[in-house]
Amino acid sequence: MAALRFGFGRLNSHLWKRRSFLLLKLTAFVCSVLLFCEFLIYYLVILRCNWPEVKTPARDRGAGTLKPVLKAMFLADTHLLGEIRGHWLDKLRREWQMERAFQTALWLLQPEVVFILGDIFDEGKWSSPQAWADDVERFQKMFRHPDHVQLKVVVGNHDIGFHYQMSRYRIKRFEKVFNPERLFSWKGINFVMVNSVALEGDGCSICSEAEAELVDISHRLNCSREELRPGRCGDGQPPPASAPVLLQHFPLYRPSDANCSGEDAAPPEEKAVPFKERYDVLSREASQKLLWWLRPRLVLSGHTHSGCEVLHGAQVPEISVPSFSWRNRNNPSFIVGSLTPTEYALAKCYLPLEDTVLITYCAATGFLVVLVLVHLGLVASPVLFGYKLLRKFKTM
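These numbers were taken from a predicted model, which means no experiment stands behind them.

This brings us to the nonpolar core. One finds L75, F143, V192, L290, F324 and F334 to be the most contacted residues of the largest nonpolar core, which totals 65 residues. Setting aside anything within four residues of it in sequence, one finds L75 in contact with F102, V114, F115, I116, L117, F143, V321, F324 and F334. One finds V113, F184, I189 and V245 within the second-largest nonpolar core, a separate group that totals 20 residues.

And the structure:
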């Protein structure tokens, strides 16, 4: 009996060791897959992104020294879900992805300023005060940044509503969180941030105030560039004598995305669909006013969730920045730019494909199933099966 008990004890000990070793292997494998799909993949993909070089660096007129280059990052349409739309798991997943992507990009690229081109929130146009406060808190956690990095935000239709939904209350609520300045200058470069939702052109009080503000900015910029006599430009420090970069949510008018190309352009079935003025793009009139008033050298916009490059008027380029959220695209991206007062260079940085992550998880799940079945003896070991097949082939 003692010998029999000893034999059973050794057998149980052997089985326990095998199961423990299997559990250890499964745990290590699962942790490795999670580490890759939820952390490392962002570093591996964003590492391929580099700051573009400005072809002809600007120089100071007097000293002849090179002017510093501003490193700016542009993203759009984050669409943080609120309490009404979207499943909690979808919300958790998308916010984790955007947080990891943004924090990884900050750490690897170290931009000096980040611009988000509207539609920060998905439900800002109808969220309650408490829901708004919760959304803002989540945004500030996801897009936290060091003190030396500036974060500038442009308002979008999902933040305050379309023209007939927006109100002073929603605008003030947005501007209380995000700095309402329309003209931002740094390192001799001017950025004009437009509330494009208010450019309806119907004479509403909010629209009239927005246009008057843009006319004032136009006067200051043109006065500075034309180098008029001191005092002619009004009180205060004049902006740098540099053509501005125009930042807004709605794109300037274009008939459709038919002429847009690239892997992040709109799907073929959507390209030929005509755009609706004041809904998909700004009206012709509003677009012409902005180009005439501000005379920008570059325009960046969001809203369409797809990438596009077009030329307006006197060869003014506009870049539509794709959505930064995997909820809107399988291949989100953002723009990095090196800017001087007279030149700029842009590059597009892609984020991990959603399909890549899903395929990795599916393949890992299949591997785990096979590993468990082999351990239970329900499936022959692939190594043993291959060895037997090779022996059989040799004896033929």
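Examined against the element boundaries, E354 turns out to sit in helix α9 (residues 354–376). Apart from residues lying up to four places away in sequence, E354 is in contact with R93, R94, Q97, W326 and N330.

Helix α3 (residues 129–142) packs onto helix α2 (residues 88–109) with a crossing angle of 35 degrees between their chain directions and a minimal axis gap of 9 Å. For the pair α2 and α3, the contacting residues are K91, E95, M98, E99, F102 and Q103 in the first and R138, K141 and M142 in the second. By residue class, the composition of the contact of α2 with α3 is three nonpolar, one polar and five charged.

Once that is clear, we can look at the pairing of strand β11 (residues 344–350). In the sheet, strand β10 (residues 333–339) pairs with β11 via seven bridges, with the strands oriented antiparallel. Bridge pairing in β11 places G337 opposite L346. Here β10 folds back onto β11 in antiparallel fashion, the turn holding four residues.

Let's shift gears to the sheet that holds strand β9 (residues 316–320). Overall, mixed pairing links the six strands, which are arranged β4-β5-β6-β7-β9-β8 in an open sheet. On the outer flanks of this sheet lie β4 (183–186) and β8 (308–312), each paired with one strand and no other. Averaged over all pairs of adjacent strands, the angle between strand axes in this sheet comes to 20 degrees, irrespective of strand direction. In this structure, β4 lies alongside strand β5 (residues 189–193), joined through four bridges in antiparallel fashion. Residue pairing for β5: W186 is matched across the bridge by I189. Those strands touched by helix α6 (residues 205–225) are β4 and β5, and its axis lies near 170 degrees from that of β5.

Phi is positive for Q110, close to 50 degrees, though the residue is something other than glycine. Relative to the helices and strands, Q110 resides in the loop between α2 and β2 (113–117). Taking relative accessible area as the criterion, Q110 reaches 58% and is therefore assigned exposed. Even without a glycine there, the phi angle at H305 is positive, about 70 degrees. Tracing the backbone shows H305 in the loop between β7 (298–301) and β8.

Position of H163 among the secondary structure elements: in the loop between α4 (157–160) and α5 (168–177). A distance of 3.2 Å separates polar atoms of two side chains, one belonging to H163 and the other to D202. Non-local contacts of H163, meaning those with residues more than four positions away in its chain, are made with V197, E200, D202, C204 and C207.

Definitions and cut-offs
- Residues numbered from 1 in each chain as written.
- Predicted model: local features only at pLDDT ≥ 70, side-chain atom pairs only at ≥ 80, totals over all residues.
- Heavy atoms only, no water.
- Core = buried A, V, L, I, M, F, W, Y, C linked by side-chain atoms within 4.5 Å.
- Buried < 20%, exposed > 50% of the residue type's maximum accessible area, 1.4 Å probe, protein only.
- Contact = heavy atoms within 4.5 Å.
- Helix = DSSP H or I, 4+ residues; strand = E, 2+ residues; numbered from the N terminus.
- Axes fitted to C-alpha atoms, helices over the stretch in contact; angles between N-to-C directions.
- Nonpolar A, V, L, I, M, F, W, Y, C, P; charged D, E, K, R; others polar.
- Pairing = 2+ DSSP bridges.
- Polar contact = N/O pair within 3.5 Å; in protein donor to acceptor, adjacent residues only side chain to side chain.

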